[in-house]
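Tertiary structure, described
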Amino acid sequence: MSVSERPLGGVRVIVAALFGTVLICGAVLLDDRLNTTVDQRVNEGTAVTGRVVQAERFRVSRSYSVTRMTVAYSVGGVAYQERFSSELDEGRRHAGEELTVYVDPNDPSKAATADRYATEDLLLQLPTLLGVAGGLAIVAALVWIKTGGQPGSR
C-alpha cells in the first residue's frame, strides 16, 4: 500500500512538508530580524573600546562552526563582561585584542560589533538551526513519498 492509498499517509507527508516550510520561512524572518537588531545596535549604540578576554571556536558540523568570545568593556564607569557570538565564522579574534563595541543605550549589557558579533541575547545561530531542521523535515517527507511510508522499502 503506498502513502497515498493509506488514509493518514498523505496527510502526514503534507504536514511534514508544511512543517519544514514553516521552519525555513521562520528561519529567514528571524535572520532578517536579528540582522536588523545588530545593525540598529551598531548604528545607534554608544561606541566603547572593549578587550577580548577569551575566544572559543565550536564546530557544530563539518561545514558550520561558531566563534564565541568574552569581551570586557565599561560604560559610564561600570564594567561589563559579556559573551559575544556570530553566525559567521569569518573573523578570527584572539584574547587580548581590542575592538570597538557598540552598546545599546538602554541596556549596556546588550552590544554588537561592526563585524556582526553580538551579545548572546540574540541567539544568532538559531536561524541556521531552524533552516536545517526545516530542510530535514522536507527531505523526510520526500523520502516518505518515495518509499511509500515503509522503512527500508524501495
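**Focus on the overall build of the protein**
Of regular secondary structure, the protein possesses two helices and six strands. Relative to its 154 residues, the protein shows a buried fraction of 32%. Look at the contacts in the protein between residues 6 or more apart in sequence, and 64% of them connect residues 24 or more apart. Working note: accessible area of the protein is about 9,300 Å², and carbon and sulfur atoms make up 58% of it.

**Thoughts on the packing of aromatic side chains**
A complete count under the given rule lists two aromatic pairs for this structure. An angle of 20 degrees between the planes, with centres 5.7 Å apart, marks the rings of Y73 and Y80 as stacked. The exposure class assigned to Y73 is buried, which follows from its relative accessible area of 3%. An aromatic cluster is present here, built from Y73, Y80 and F84 joined pairwise through their rings.

**Observations regarding unusual backbone geometry**
Of note in this structure, R116 is not a glycine but carries a positive phi near 75 degrees. Its location among the elements puts R116 in the loop between strand 5 (111-112) and strand 6 (118-119).

**What about the nonpolar core?**
Judged by nonpolar contacts, V48, V52, M69, V71, Y73, F84, L99, V101, V103, A111 and Y117 together constitute the single largest core of 11 residues. For this core, the secondary structure elements donating two or more residues are strand 1 (46-59), strand 2 (65-75) and strand 4 (98-103). Counting five residues, the second-largest nonpolar core is a separate cluster that includes L34, V38, A112 and L122.

**Re a nonpolar patch on the surface**
Residues L123, L126 and L129 make up a contiguous nonpolar surface patch of roughly 270 Å² in combined accessible area. Within the fold, L123 resides in the loop between strand 6 and helix 2 (126-147).

Rules used in this analysis
- Residues numbered from 1 in each chain as written.
- Predicted model: local features only at pLDDT ≥ 70, side-chain atom pairs only at ≥ 80, totals over all residues.
- Heavy atoms only, no water.
- Helix = DSSP H or I, 4+ residues; strand = E, 2+ residues; numbered from the N terminus.
- Buried < 20%, exposed > 50% of the residue type's maximum accessible area, 1.4 Å probe, protein only.
- Contact = heavy atoms within 4.5 Å.
- Areas by Shrake-Rupley, 256 points an atom, 1.4 Å probe, with all protein chains shown as cover.
- Phe/Tyr/Trp six-rings, centres within 6.5 Å; stacked < 30°, edge-to-face > 60°.
- Core = buried A, V, L, I, M, F, W, Y, C linked by side-chain atoms within 4.5 Å.
- Patch = residues over 30% accessible without salt bridge, like charges linked within 9 Å, V, L, I, M, F, W, Y side chains within 5 Å.
- Salt bridge = Lys/Arg side-chain N within 4 Å of Asp/Glu carboxyl O.

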